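Structural features, examined
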There are 6 protein chains.
Amino acid sequence: MVFITRREHFSSSHKLDNPDFSPEKNYEVFGKCNNFHGHNYYIEVTLTGEPDKDSGYLMDLKILKKILLEEIVDKVDHKFLNEVEMFKGIIPTTEHMTEVFWNILKPRIESESPIAKLYSIKLYETEKNWVEYRG
Amino acid sequence: MVFITRREHFSSSHKLDNPDFSPEKNYEVFGKCNNFHGHNYYIEVTLTGEPDKDSGYLMDLKILKKILLEEIVDKVDHKFLNEVEMFKGIIPTTEHMTEVFWNILKPRIESESPIAKLYSIKLYETEKNWVEYRG
Amino acid sequence: MVFITRREHFSSSHKLDNPDFSPEKNYEVFGKCNNFHGHNYYIEVTLTGEPDKDSGYLMDLKILKKILLEEIVDKVDHKFLNEVEMFKGIIPTTEHMTEVFWNILKPRIESESPIAKLYSIKLYETEKNWVEYRG
Amino acid sequence: MVFITRREHFSSSHKLDNPDFSPEKNYEVFGKCNNFHGHNYYIEVTLTGEPDKDSGYLMDLKILKKILLEEIVDKVDHKFLNEVEMFKGIIPTTEHMTEVFWNILKPRIESESPIAKLYSIKLYETEKNWVEYRG
Amino acid sequence: MVFITRREHFSSSHKLDNPDFSPEKNYEVFGKCNNFHGHNYYIEVTLTGEPDKDSGYLMDLKILKKILLEEIVDKVDHKFLNEVEMFKGIIPTTEHMTEVFWNILKPRIESESPIAKLYSIKLYETEKNWVEYRG
Amino acid sequence: MVFITRREHFSSSHKLDNPDFSPEKNYEVFGKCNNFHGHNYYIEVTLTGEPDKDSGYLMDLKILKKILLEEIVDKVDHKFLNEVEMFKGIIPTTEHMTEVFWNILKPRIESESPIAKLYSIKLYETEKNWVEYRG
C-alpha cells in the first residue's frame with residue numbers, strides 16, 4: 001500500500017470565539033487566541049491506494065496540487081477565516097479546519113481518481129502545533 | 001478522529017552504558033555513544049479523540065505545552081540524563097526515553113482531559129535519527 | 001569580530017493599507033495583502049563585538065531572549081499589528097517592521113551591555129519572503 | 001511498540017517515460033517530468049519491534065545507516081536512475097522507488113536483526129511531494 | 001539600509017564536465033559529479049535600498065517572484081542544465097550558476113525599480129552545500 | 001566575488017564554568033549552562049575568492065568536507081568539549097568555539113588552495129542561538 005502526500009501553504013487571520021459565550025468566557029476558554037491574529041498554515045494531504053500500472057502514479061501530484069489550490073488555498077489564502085464561506089457557523093480551530101477541508105476534498109479527489117482514497121489531512125498552525133484528521 | 005501534536009525542545013547530555021557490561025563490551029555495543037556527549041532533543045506528543053463541541057478543541061495546546069514543560073522539559077533540559085531521577089536504572093537510549101515519557105505523561109494527560117487519549121510520543125535525537133512509542 | 005544571533009517567533013494579523021490612497025489604489029498597490037490576513041513571523045536579532053574575557057559571552061543569549069520577549073514579542077504576538085502602539089501611523093510592511101524593531105531594540109540592548117552593538121534585524125514573513133535591516 | 005527511523009540523502013537524475021507509450025502520450029501523462037531532470041531525495045526507513053533488554057536498542061542506528069548506504073545510497077547517489085540496475089524495466093516514479101527499496105531492504109534488515117521488522121519507507125522527492133510504502 | 005529576499009525552487013539535472021579535459025581528467029577533477037545526476041535547487045535573491053515612502057515596500061515581493069519565475073525558474077526547472085541556453089559553453093557548477101543568474105537578473109531588476117539594487121544571489125545545491133555571489 | 005559554504009554536524013556535551021569563579025559566581029553567570037548538558041551543533045564554513053577557470057570551482061566542496069571532518073568533527077563529535085585538547089584552558093562558549101575553529105581551519109584551508117580564503121565560521125548551538133566569527 002502506498003501513501004502519497006502534497007504540501008501547500010496559505011497565510012490567513014482568524015479569531016477563536018464562540019458566539020454563545022460571553023466575552024469573559026471566550027477569553028477564559030481561548031486566551032490570546034480570542035484576539036485577531038494570524039498564521040502561515042501548511043496543509044499536507046495524503047492519499048492511499050495501489051499505483052496505476054501504466055504510469056506508476058497513484059495520482060499525479062500536479063493534479064493533487066491543482067485540486068488543493070482550487071478547493072482550499074484560493075479560498076483561504078490572505079483571508080479572515082471567520083468570514084470565509086466554508087467556516088460559516090464554525091469556530092476555526094485547527095481541529096475544525098481539518099474536518100472542513102476533509103469534507104470538501106474527499107468527494108473532489110475521489111471523483112478525479114478511481115484508485116486514490118483520501119487518507120489524512122494534516123494542518124500546521126505553527127512549527128510546534130499541528131492537527132491531523134483521518135475521517 | 002483527530003490527532004493533535006505539540007512539539008517541545010530540550011538540550012541534555014548522556015552516555016550509553018550498561019553497568020552489567022565490561023568497559024570493552026560497552027564500547028563494542030555502544031561505540032562512540034558510550035562517550036559522554038549530548039543532543040538537542042525534540043519531543044512531539046500526539047493526543048487523539050473527538051474535539052469538544054463548544055470550544056472546537058481536543059485539548060488547548062497551551063495546556064499540553066504546560067504539561068510537557070512541567071513533566072518533561074523542566075526535569076531533563078540542561079541535565080545529564082543518566083543522573084535524572086526518571087532514568088534511574090535505565091540506559092537512556094531514545095527507545096527507553098520515549099517509554100519513560102509515555103508512562104509519565106499518560107496519567108497526567110488523561111487526568112487533565114476526559115476526551116483526549118495519549119496516542120504517540122516521538123523523540124528526535126538528531127535530524128536523522130528518531131523514535132516513536134505508541135504504548 | 002563575533003556576531004551572535006537569537007531567533008524568536010510571534011503570530012500576528014495585519015493588513016497593508018495607506019490611508020492616503022483610495023480603496024482602488026490600495027488594492028492596486030497591495031493586492032491580496034490589502035486583505036486582513038496573518039503570519040507566523042520569525043525575528044532574528046544579531047549583535048556584534050568582542051566577547052567578555054571572563055565569561056566568554058558577547059551577551060548571554062538568555063538576556064537577549066528576555067529583551068526580545070519584553071520589547072517585541074509580548075507586544076505583537078497574537079495581535080492585529082495595525083492597532084499596535086509601535087506601528088501608529090506606519091504601514092506594517094516587513095520593511096517598516098524591521099526599522100521599528102531596530103529603533104526599539106538598539107537603545108535597550110546597548111544600555112544592557114557595554115560591549116555588544118546591534119548589527120542586524122531579520123524578519124521572516126514566510127519561508128520564502130524576508131527582510132533584513134542594518135541601521 | 002517502538003518505531004525507529006533513520007534518514008539518509010542522495011542526489012539523482014531521472015526521466016519519467018513509459019516505453020510502451022508514444023512520445024506524445026508520454027508528454028501528456030508525465031508533462032515536464034518526461035524531461036531529464038533531478039532531485040535531492042531524502043529516504044526515511046522505519047523499523048518496529050520491542051527493544052533489546054541489554055542494550056535498550058531496537059537496532060543500533062549506526063547499523064541501519066550502514067545498511068542504507070550499502071544497499072541504496074551507494075547505488076543511486078549521483079546516478080541516472082533510469083539506468084540503475086534495480087530499476088531495470090521500472091518507471092522510476094517515487095511510488096515505484098519506495099517499493100523497489102522495500103524489496104531490497106526487507107530481507108537485509110531482517111537477516112541483520114532477530115527483533116526488528118521493516119515498517120515503512122518514506123521518500124521525499126521535494127519538500128512538497130513525498131511517498132510512503134508500508135508493504 | 002534594508003535588504004529584502006525572495007526564495008524560489010527548481011529541480012534540474014546536470015553533469016560537471018570540461019570538454020577540454022580527457023574523460024580521465026574529468027573524473028579526477030569532478031568525481032561522482034561527472035555523472036549525470038540532479039538536485040532540488042533553492043535560489044535566494046536579495047535586493048537592497050531605501051523603501052518607497054508611500055507603499056513601505058523596497059519592491060513588492062510578488063513582483064520579485066514574477067521576475068524570478070520568468071527569468072530563471074521557467075528556463076531551468078525540470079531541465080538538463082548543460083543544454084539550457086544560458087549555460088552554453090559554461091560548466092554548470094553552483095559558482096558559475098550564481099554568476100549567470102546575476103548577469104540575467106541585474107538589468108531586469110534595475111529596469112523594474114528605480115530604488116532597488118541587486119545585492120546577492122544565493123544558490124543551495126543541497127542542504128549542506130551552497131554558494132553566494134555578490135557581483 | 002563568490003562565497004561557498006559547507007555545513008557539517010556534531011553532537012557533544014559541555015559545561016560552562018570559569019575555574020577562577022566560585023561555584024556561586026559560576027551559577028550566577030552561566031545559570032543552567034553551568035550544568036553538564038549537550039547539543040547537536042551545526043557548523044557552516046564559508047570561503048571566498050574567484051573560482052578556478054578550468055573547473056568552475058572555488059574549492060571542491062568534497063575537499064572542504066574532508067577538511068572539516070578531519071580537523072573538527074572527528075575531534076569533537078560525541079565528546080565532552082571541556083576535555084578536548086583544542087579547548088584546553090578555554091571556556092567552550094559558542095563564541096570561543098568559533099574562534100578556536102577559525103584558528104585551526106584558516107592555515108589548513110589556505111594551504112590546500114591558492115585561491116580560497118576563509119571568510120566566516122557559523123556555529124548553531126540550537127535552532128534559536130548561533131554565533132558567527134569572521135576573523
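Cut-off values and rules
Residues numbered from 1 in each chain as written. Chains lettered and ligands numbered in written order. Predicted model: local features only at pLDDT ≥ 70, side-chain atom pairs only at ≥ 80, totals over all residues. Heavy atoms only, no water. Least-squares fit on C-alpha atoms with pLDDT ≥ 70 in both. Contact = heavy atoms within 4.5 Å. Pairing = 2+ DSSP bridges. Helix = DSSP H or I, 4+ residues; strand = E, 2+ residues; numbered from the N terminus. Axes fitted to C-alpha atoms, helices over the stretch in contact; angles between N-to-C directions. Buried < 20%, exposed > 50% of the residue type's maximum accessible area, 1.4 Å probe, protein only. Phe/Tyr/Trp six-rings, centres within 6.5 Å; stacked < 30°, edge-to-face > 60°. Lys NZ or Arg CZ within 6 Å of the ring centre and 35° of its normal. Expected span 1.5 Å × (residues − 1). Bend = angle between axes of the 7 residues up to and from the residue. Salt bridge = Lys/Arg side-chain N within 4 Å of Asp/Glu carboxyl O. Parallel < 35°, antiparallel > 145°, perpendicular 65-115°, else oblique. Left-handed = near helix turned anticlockwise from the far one by under 90°. Nonpolar A, V, L, I, M, F, W, Y, C, P; charged D, E, K, R; others polar.

It is worth spelling out the relation of the copies chain F and chain B at this point. Of the transformation superimposing chain F on chain B, the axial component is 0.0 Å and the angular component is 180°, with the fit at an RMSD of 0.0 Å. This pairing of chains is accounted for by a two-fold axis. A shared interface surface links the copies, since 100% of the contact residues of chain F are contact residues in chain B too.

So, on to the sheet that holds strand S3 (residues 117-126) of chain E. The 12 strands lie next to each other as S1(C)-S2(C)-S3(C)-S4(C)-S1(E)-S2(E)-S3(E)-S4(E)-S1(F)-S2(F)-S3(F)-S4(F), forming a closed barrel whose pairing is antiparallel. Along the sheet, successive strands turn relative to each other by an average axial angle of 25°, direction set aside. Inspection of the sheet shows strand S4 (residues 129-133) of chain E paired to strand S1 (residues 2-14) of chain F by five bridges, in the antiparallel sense. Each residue of the ladder has a partner; that of Tyr133 of chain E, found in S1 of chain F, is Val2 of chain F.

Moving on, we come to unusual backbone geometry. Residue and element names in this part refer to chain C. One non-glycine residue with positive phi stands out, namely His78, at about 55°. Within the secondary structure, His78 sits in the loop between helix H2 (61-76) and helix H3 (94-112). Of the residues examined, His78 reaches a relative accessible area of 8% and is grouped as buried.

This brings us to the packing of aromatic side chains. The tally for this structure, following the rule as stated, stands at 54 aromatic pairs over all chains. Taken together, the ring pairs connect Phe10, Tyr41, Phe87 and Phe101 of chain A into an aromatic cluster. Its end group placed over the ring of Phe3 of chain A, Arg134 of chain D keeps NZ or CZ at 4.3 Å from the ring centre. The aromatic ring of Tyr124 of chain F is capped on one face by Arg7 of chain F, whose charged end is 5.7 Å from the ring centroid.

Another aspect to go through is helix H3 (residues 94-112) of chain D. With 19 residues, H3 of chain D extends 26 Å from end C-alpha to end C-alpha; this agrees with the ideal 27 Å at 1.5 Å per step. Along its length, H3 of chain D reaches its greatest deviation from straightness, about 30°, at Leu105 of chain D, and the proline Pro107 of chain D lies no more than four positions downstream. Buried within H3 of chain D are the following residues: Thr94, Glu95, His96, Met97, Thr98, Val100, Phe101, Trp102, Leu105, Arg108 and Ile109 of chain D. The elements touched by buried residues of H3 of chain D are strand S1 (2-14) of chain A together with strand S1 (2-14), strand S2 (37-49), helix H2 (61-76), strand S3 (117-124) and strand S4 (129-133) of chain D.

Residue and element names in this part refer to chain D. Here the structure, examined in full by the defined rule, presents 84 salt bridges over all chains. Two residues, Glu70 and Arg108, come together in a salt bridge whose shortest N-O distance is 3.1 Å. In this pair, Glu70 sits in helix H2 while Arg108 sits in helix H3, placing the two residues 38 residues apart along the sequence. Residue class for Arg108 comes out buried when judged on its relative accessible area of 17%.

What follows concerns the packing of helix H2 (residues 61-76) of chain E against helix H3 (residues 94-112) of chain E. Each pair of packed helices can be summarised by the angle the axes make with each other and by the distance between the axes. All names here are of chain E. Packing of H2 against H3 leaves a shortest axis separation of 11 Å and a crossing angle of 140°. Relative to H3, the element H2 is oriented oblique. Relative to H3, H2 is oriented so that their crossing is right-handed. Residues Ile63, Leu64, Lys66, Ile67, Leu68, Glu70, Glu71 and Ile72 of H2 form the contact with H3, whose own contacting residues are Phe101, Ile104, Leu105, Arg108, Ile109 and Glu112. Residue composition of the contact of H2 with H3, by class: nine nonpolar, no polar and five charged.

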